[in-house]
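Coordinates in review
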Amino acid sequence: QVQLVESGGGLVQAGGSLSLPCAASGSIFSINVMGWYRQAPGKQRELVATINDGGRTNYADSVKGRFTISRDNAKNTVYLQMNSLKPEDTAVYYCNVKGLRYDGWFISDKWGQGTQVTVSS
């Protein structure tokens, strides 16, 4: 069985930084895309950033230049480094993987449980 374990959320002042790691556990063979999404109260879940197995990244316009996504394939872990945080970045951040292969099985789409990020003004 595969699980996504997120950590690193918390409370930070505007202008501060946080790093969110997400590790996929289990006998994983490969993961196509790893990424982070977020959902603020009363809003729909939205893309923050993704990175594919070739290292190609994609960012929401609202975080470009402030957030950096990276991955360690040996550890099946994706990282989101968030700098220059703003109050509007406050949300629950969800880890997501697409195209995960393990033990002969394939999972097209899997979500983590979410971690709260709160940015105070």
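Keep in mind it's a predicted model, so treat the numbers as computed, not measured.

Rules used in this analysis
Residues numbered from 1 in each chain as written. Predicted model: local features only at pLDDT ≥ 70, side-chain atom pairs only at ≥ 80, totals over all residues. Heavy atoms only, no water. Core = buried A, V, L, I, M, F, W, Y, C linked by side-chain atoms within 4.5 Å. Buried < 20%, exposed > 50% of the residue type's maximum accessible area, 1.4 Å probe, protein only. Helix = DSSP H or I, 4+ residues; strand = E, 2+ residues; numbered from the N terminus. Contact = heavy atoms within 4.5 Å. Pairing = 2+ DSSP bridges. Disulfide = S-S within 2.5 Å. Phe/Tyr/Trp six-rings, centres within 6.5 Å; stacked < 30°, edge-to-face > 60°. Lys NZ or Arg CZ within 6 Å of the ring centre and 35° of its normal.

What follows deals with the nonpolar core. Membership of the largest hydrophobic core comes to 33 residues, with the highest contact counts inside it found for Trp36, Leu80, Met82 and Tyr93. Sorting the residues of this core by element identifies strand 3 (18-25), strand 4 (28-39), strand 5 (46-52), strand 7 (67-72), strand 8 (77-82), strand 9 (91-102) and strand 11 (115-120) as the ones contributing at least two each. It is strand 9 that contributes the most residues to this core, six residues altogether. Non-local contacts of Leu80, meaning those with residues more than four positions away in its chain, are made with Leu18, Ser19, Leu20, Trp36, Val48, Ala49, Phe67, Thr68, Ile69 and Tyr93.

In this section: the pairing of strand 4. Along any regular strand the residues' side chains alternate between the sheet's two faces. With 10 bridges connecting them, strand 4 and strand 9 associate as antiparallel partners. Note on strand 9: the bridge partner recorded for Trp36 is Cys95. Bridge count for strand 4 against strand 5 is six bridges, and the pairing is antiparallel. In the strand pairing of strand 5, Arg38 is matched with Glu46. Counting the residues that bridge the hairpin from strand 4 to strand 5 gives six residues, and of these Gly42 lies at a positive phi of roughly 75°.

Take the state of the cysteines next. Every disulfide links exactly two cysteines, by a covalent bond between their sulfur atoms. Summed over the entire model, instances satisfying the criterion amount to one disulfide. Between the sulfur atoms of Cys22 and its disulfide partner Cys95 the distance amounts to 2.1 Å. Torsion about the S-S bond of the Cys22 and Cys95 cystine: about -85°, corresponding to left-handed handedness. In this pair, Cys22 sits in strand 3 while Cys95 sits in strand 9, placing the two residues 73 residues apart along the sequence. By relative accessible area, which is 0% here, Cys22 ends up buried. Under the relative-accessibility criterion, Cys95 is labelled buried at 0%.

Under the defined criterion, the tally for this structure stands at one aromatic pair. Judged by centre distance (5.0 Å) and plane angle (65°), the ring pair of Tyr37 and Trp111 falls under edge-to-face. Taken as a pair, Tyr37 in strand 4 and Trp111 in strand 10 (residues 105-111) lie far apart in primary sequence, 74 residues in all. Taking the relative accessible area as the measure of exposure, Trp111 reaches 33% and is therefore partly exposed. Positioned above the aromatic ring of Tyr94, the side-chain terminus of Arg45 is 3.7 Å from the ring centre.

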